[in-house]
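# Examination of the molecular architecture
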Amino acid sequence: MVVYRNIQNTHRPTTTSLTLVIKVGTSSICDEVTHYPLLGNLSRIVETIIQLKKMGHRVVLVTSAAVGTGLRRLNMSEKPKKLASIQAIAAVGQGRLMSMYDDLFGQFNQPVAQILLTRNDLADRGQYLNAVNCLEELLDMGVVPIINENDSISVKEIKFGDNDTLSAISAGMVKADYLFLMTDVDCLYTDNPRSNPDARPVLVCDDIEELQKKITVSAPGSSLGTGGMVTKLVAADLATAAGVTTVIARGATPENIIPIIDSSSTDPKKLPLHTRFVAKPKPLMDRKWWILHGLHTAGTVYVEGEDIKNAIHDGQVDSSLFAHSICKVEGTFVEHQAVRLVLQNKNAQGIIDNITVAKGIVNYSSQEIMRIMLAKESTIIDSLGYKDADCIIHRDNMAIAV
């Protein structure tokens, strides 16, 4: 991993049409104290998207601020704690937010479309593909899709958590070339630049796991938003795994997106300050991406032994080996739900080290897997008295954690 390097060769050519996903946070859309919309920022975002479309690019906008906009509309000073109240405020704000976008884009005769999602919408493979097809059709029609989480019906179990994660999943769905995470700073720093004058900008990163060991990112999001720099690193990890180059840049200057994607701007000194996360050279296939990031994780299955770890990574999971390597089951789930697969290792000192190695769709419920584990019979049918499938998780329904 190289934190600082010349970014001359990290650009993608812009001679052909690119697909861009731009995520704009609450702090870029409405004032944190008064909740009034920041119309100057919104106008610049819209004008930038119009310019990108004139250049032949396809653009998806992921927006926050339904709650912040709703607070202003209802003349409320603070976001309440009660979930139902937040959901109701979001319902009020979402309509107003889309109205503002429609008005601004309408000045340029640019049609927009509202897409509201929850993780539950993407958990079903058919619905996931419907969402992908809808987004593709909108982009082919020249429409700008505007995506937000459906906060009015979202609860903890089906929320994406924050719109940084939602934008990364959206970028994977449309097979974007770039994901732009617009925030209130120019780029990622090694520490908080507001409190540490020695904090240095991170220009390019090709190993997020290694980067996280060398920097400090503990700052939360705004009082209205749910994200922060930590969630942006998570989003960058998700998006780059899908082959999407991810950029952190300042939300107040969205016009900087244009020189950042322009391959002719090869001199780093001429480029606006930003952080670029390089896309993985071997991105996950669509179904594996859906399993990892579209499905709610209903529980955890623990396995032990290096042989099972090697088998999983080689894609050669034998049914009896897998079933009888299970040492623990957490959570209550039924067949066809997704679970996390964790390798449990015990070192020479007796300390147990848990490593998440995969995520997959189970063929048996948590109770059935526990019966298989405890029975210690030679086959699944001997353990249960019946057999619905030859294995706990088929390798085609398993995605290796990245």
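Thresholds applied
- Residues numbered from 1 in each chain as written.
- Predicted model: local features only at pLDDT ≥ 70, side-chain atom pairs only at ≥ 80, totals over all residues.
- Heavy atoms only, no water.
- Core = buried A, V, L, I, M, F, W, Y, C linked by side-chain atoms within 4.5 Å.
- Buried < 20%, exposed > 50% of the residue type's maximum accessible area, 1.4 Å probe, protein only.
- Helix = DSSP H or I, 4+ residues; strand = E, 2+ residues; numbered from the N terminus.
- Contact = heavy atoms within 4.5 Å.
- Expected span 1.5 Å × (residues − 1).
- Pairing = 2+ DSSP bridges.
- Right-handed = clockwise from strand over helix to strand, strands pointing away.
- Salt bridge = Lys/Arg side-chain N within 4 Å of Asp/Glu carboxyl O.
- pLDDT = per-residue confidence, 0-100.
- Axes fitted to C-alpha atoms, helices over the stretch in contact; angles between N-to-C directions.
- Parallel < 35°, antiparallel > 145°, perpendicular 65-115°, else oblique.
- Left-handed = near helix turned anticlockwise from the far one by under 90°.
- Phe/Tyr/Trp six-rings, centres within 6.5 Å; stacked < 30°, edge-to-face > 60°.
- Lys NZ or Arg CZ within 6 Å of the ring centre and 35° of its normal.

### A look at the nonpolar core
Grouped together as the largest cluster of nonpolar side chains are 49 residues, with contacts concentrated most on Val21, Ile147, Met173, Leu179, Leu188, Leu211 and Phe277. Broken down by secondary-structure element, the contributors of at least two residues to this core are strand E2 (58–63), strand E3 (112–117), helix H5 (125–140), helix H6 (163–173), strand E5 (178–183), helix H7 (208–212), helix H8 (229–241) and helix H10 (286–294). Not counting residues up to four positions away in its chain, the partners in contact with Leu179 are Val21, Ser167, Ala168, Ala171, Ala239, Val244, Thr245, Thr246 and Val247.

### Concerning unusual backbone geometry
Phi is positive for Asn109, which is not a glycine, with a value near 55°. Exposure remark for Asn109: the relative accessible area of 71% places this residue in the exposed category.

### Some words on H8
With 13 residues, H8 extends 18 Å from end C-alpha to end C-alpha; this agrees with the ideal 18 Å at 1.5 Å per step. Within H8, ten of the 13 residues are buried, which leaves it mostly tucked inside the rest of the structure. Within the span of H8, buried status applies to Met229, Thr231, Lys232, Leu233, Ala235, Ala236, Leu238, Ala239, Thr240 and Ala241. In the stretch just after H8, Gly243 is the one whose phi turns positive, near 85°.

### A closer look at the pairing of strand E1 (residues 19–24)
Taken across its six residues, E1 has six buried, putting it largely inside the fold. As judged from the six bridges shared by E1 and E2, these two strands associate in the parallel manner. Across the sheet, Thr19 pairs through a bridge with Arg58, a residue of E2. Handedness of the crossover joining E1 and E2 through helix H1 (residues 39–54) is recorded here as right-handed. Bridge analysis of E1 against E5 gives five bridges, and the strand direction is parallel. Paired with Ile22 across the two strands is Phe180, which belongs to E5.

### Thoughts on the pattern of salt bridges
Inspection of the entire model under this criterion finds seven salt bridges. For Arg58, the salt bridge is made with Glu136, and the minimal N-O distance between the two is 3.2 Å. Separated by 78 residues along the polypeptide, Arg58 in strand E2 and Glu136 in helix H5 bring together distant segments of the chain. Exposure remark for Arg58: the relative accessible area of 19% places this residue in the buried category. Here Lys232 makes a salt bridge to Asp164, at a shortest N to O gap of 3.2 Å. Of the two residues, Lys232 is situated in helix H8 and Asp164 in helix H6; the sequence distance between them amounts to 68 residues. Neither residue differs from the other here; Lys232 and Asp164 are each classed as buried.

### Structural notes on the side chain of Thr183
Assignment of secondary structure puts Thr183 in strand E5. Taking relative accessible area as the criterion, Thr183 reaches 10% and is therefore assigned buried. If we skip the residues at most four places from it in the chain, Thr183 touches Ser28, Lys232, Ile248, Ala249, Arg250 and Gly251.

### A look at helix H3 (residues 83–106)
If you check H3, its first and last C-alpha atoms are 34 Å apart, about what 24 residues at 1.5 Å a residue would give, namely 34 Å. Regarding H3, the residues found buried are Gln87, Ile89, Ala90, Gly93, Gln94, Leu97, Met98, Met100, Tyr101, Leu104 and Phe105. Packed against the buried residues of H3 are H1, E2, helix H2 (66–73), E3 and strand E4 (144–149).

### Section: the confidence of the model for the chain
When pLDDT is averaged across the chain, the result is 83; 82% of the residues are at 70 or more. Every residue in residues 4–14 is under pLDDT 50, and counting partners more than four places away or in other chains gives 38 contacts. The low-confidence segment residues 219–227 (pLDDT under 50) makes 25 contacts with residues lying over four places distant or belonging to another chain.

### A few points about the sheet that holds strand E8 (residues 275–277)
In space, the eight strands of this open sheet follow the order E3-E4-E2-E1-E5-E7-E8-E6, with mixed pairing throughout. Every other strand in the sheet has two partners, leaving E3 and strand E6 (204–205) as the edge strands with one partner each. Pairing geometry for E2 and E4, over two bridges, is parallel. The residue bridging Leu61 from the neighbouring strand is Ile146, located in E4. Sheet contacts for H5: E1, E2, E3 and E4; angle to E2, the most-contacted strand, approximately 125°.

### Things to note about the packing of H1 against H3
Relative to each other, H1 and H3 sit at 55°, their axes nearing to 10 Å. The orientation of H1 with respect to H3, classified from their angle, is oblique. For the element pair H1 and H3, the recorded crossing hand is right-handed. Between H1 and H3, the contacting residues are Leu39, Leu42, Ser43, Val46, Ile49 and Ile50 on the first element and Met100, Tyr101, Leu104 and Phe105 on the second.

### Topic: the packing of aromatic side chains
In total, this model carries two aromatic pairs according to the counting rule given. With 6.3 Å between their ring centres and 45° between their planes, Tyr128 and Trp290 make a pair best called tilted. Placement of the pair is Tyr128 in helix H5 and Trp290 in helix H10, with a sequence separation of 162 residues. Using a relative accessible area of 4% as the deciding quantity, one classes Trp290 as buried. Measuring from centroid to centroid gives 5.8 Å for Tyr178 and Phe180, while their planes differ by 25°, and the two rings are stacked. For the pair formed by Tyr178 and Phe180, the shared burial category is buried. Above the plane of the ring of Tyr36 lies Arg72, whose end atom (NZ or CZ) is 4.2 Å from the centre.

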